[in-house]
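The primary structure of each chain is shown beneath.
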Amino acid sequence: FFANLFKYIMGKIEKLAVLKFSSNVIEKCLERANEQYRKVFIKEILFGDPASVMKNSYGNYVFQKSLALAKGMDKFKIVDIIFRNFPTIHDQKIKMKWVKLLKKNVKQEDVLEAEEEQEQMNLDIDQTINYSHKFKLINDEISRYDAPASKNRGKGNKKMGAKESSYVNSQAQM
């Protein structure tokens, strides 16, 4: 059944992800797909215009589901997109929502999966990514927002801009 459905929506996943009713279908497909189909779904979102999906009122649920279900290197690609777009999110509640989602969905096991996936690709050393370091940077960024309110008193609730983000700056250097 799923293979037939997949044939019809392949190439249209990004468009369907941002529409009210079809976004629910895409979420369910992500949940119920086997690993092979799920990876293709996520890749289609990543290689389209992922920022527009992330910022769309319906697409953001698909993007959240992608973050929760992605594995290996794809999970870190999603995290990169989230952090690259943080400076454009002006609503602190929405930023905090993404911080909570990152905290919940990016774990040490993801580092091991990404490193294993990268190792299987037999990349040259200059093409590899240090996912342990990336994981530390992610946690550093999360802790900037996750600090108790008392720590932030007097400093103002800093909005993260591109210059302030150690994660975004480090990604530009990689």
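Refer to the structure printed above.
Position numbers for residues count from 1 along each chain, tracking the sequence in the order it is written. With the structure being a predicted model, the display of local features is reserved for residues of pLDDT at least 70 and the display and counting of side-chain atom pairs for 80 or more, all residues being used for whole-chain, interface and lining totals. Computation of side-chain values covers all heavy atoms of the structure but excludes hydrogens and water.

Novice: Any chance you could explain the environment of Ile129 here in plain terms?
Specialist: Every helix listed is a DSSP run of H or I at least four residues long, and every strand listed is a run of E at least two residues long, numbered separately from the N terminus. Assignment of secondary structure puts Ile129 in the loop between α9 (108-120) and α10 (131-146). The partly exposed category is assigned to Ile129, whose relative accessible area is 28%. Linking Ile129 and Ala114, residues 15 residues apart in sequence, is a C-alpha distance of 9.2 Å. Type-normalised accessible area, obtained with a 1.4 Å probe on protein chains alone, sets the label of each residue: buried when under 20%, exposed when over 50%, and partly exposed for intermediate values.

Novice: Would you mind going over α9 with me for this structure?
Specialist: Its 13 residues place the ends of α9 19 Å apart at the C-alpha level, agreeing with the 18 Å of an ideal helix rising 1.5 Å per residue. For α9, the set of buried residues is Asp110, Val111, Ala114, Glu117 and Gln118. The buried residues of α9 all sit within an arc of 135° when viewed along its axis, so they share a single face. Exposed and oriented more than 90 degrees from the buried face of α9 are Leu112, Glu116, Glu119 and Gln120. In this analysis, two residues are considered to be in contact whenever any of their non-hydrogen atoms come within 4.5 Å of each other. Buried residues along α9 sit against α4 (35-46), α7 (72-85), α8 (92-105) and α10. Asn122 lies just past α9 and shows a positive phi near 50°. Given the number of residues in a helix, its expected span is that number minus one, multiplied by 1.5 Å. To be clear, the arc concerns the directions from the helix axis to the C-beta atoms.

Novice: Would you mind going over a negative patch on the surface with me for this structure?
Specialist: On the surface, Glu109, Glu113, Glu116 and Glu119 cluster together into a negatively charged patch. Inspection of the secondary structure puts Glu119 in helix α9. Patch definition: residues above 30% relative accessible area lacking any salt bridge, with like charges linked at up to 9 Å and the nonpolar side chains Val, Leu, Ile, Met, Phe, Trp and Tyr linked at up to 5 Å. Areas reported as accessible are Shrake-Rupley estimates using a 1.4 Å probe. Residue values count occlusion only from the protein chains shown. Whenever Lys or Arg places a side-chain nitrogen within 4 Å of a carboxyl oxygen from Asp or Glu, that contact is recorded as a salt bridge. Note on charges: Lys and Arg go in the positive column, Asp and Glu in the negative column, and His and the chain ends are not counted at all. Charged groups are reduced to one reference atom each: NZ for lysine, CZ for arginine, CG for aspartic acid, CD for glutamic acid.

Novice: In this structure, what is going on with the nonpolar core? I would like to understand it.
Specialist: Residues Phe41, Phe63 and Ile82 are the most contacted members of the largest nonpolar core, which totals 41 residues. Ranked by residue count, the leading element in this core is α7, at seven residues. Dropping the residues within four chain positions of it, Ile82 is found in contact with Met54, Phe63, Leu67, Trp98 and Leu102. Within this scheme, the nonpolar core is defined by two criteria: the residues are buried Ala, Val, Leu, Ile, Met, Phe, Trp, Tyr or Cys, and they are joined through side-chain atoms within 4.5 Å.

Novice: Help me understand the packing of aromatic side chains, please; the structure alone is not making it clear to me.
Specialist: Aromatic rings in a pair are described by how distant their centres are and how their planes are angled relative to each other. Think of it this way: a Phe, Tyr or Trp ring, Trp meaning its six-membered ring, pairs with another when their centres are within 6.5 Å, and the plane angle makes it stacked under 30 degrees, edge-to-face over 60, tilted otherwise. A complete count under the given rule lists six aromatic pairs for this structure. Centre to centre, the rings of Phe6 and Tyr37 are 4.6 Å apart; their planes meet at 55°, and the pair counts as tilted. Of this pair, Phe6 sits in helix α1 (residues 2-9) while Tyr37 sits in helix α4, and the two are 31 residues apart along the sequence. Tyr37 carries the same exposure label as Phe6, and that label is buried. Ring pairs connect the aromatic residues Phe6, Tyr37 and Phe41, which therefore count as one cluster.

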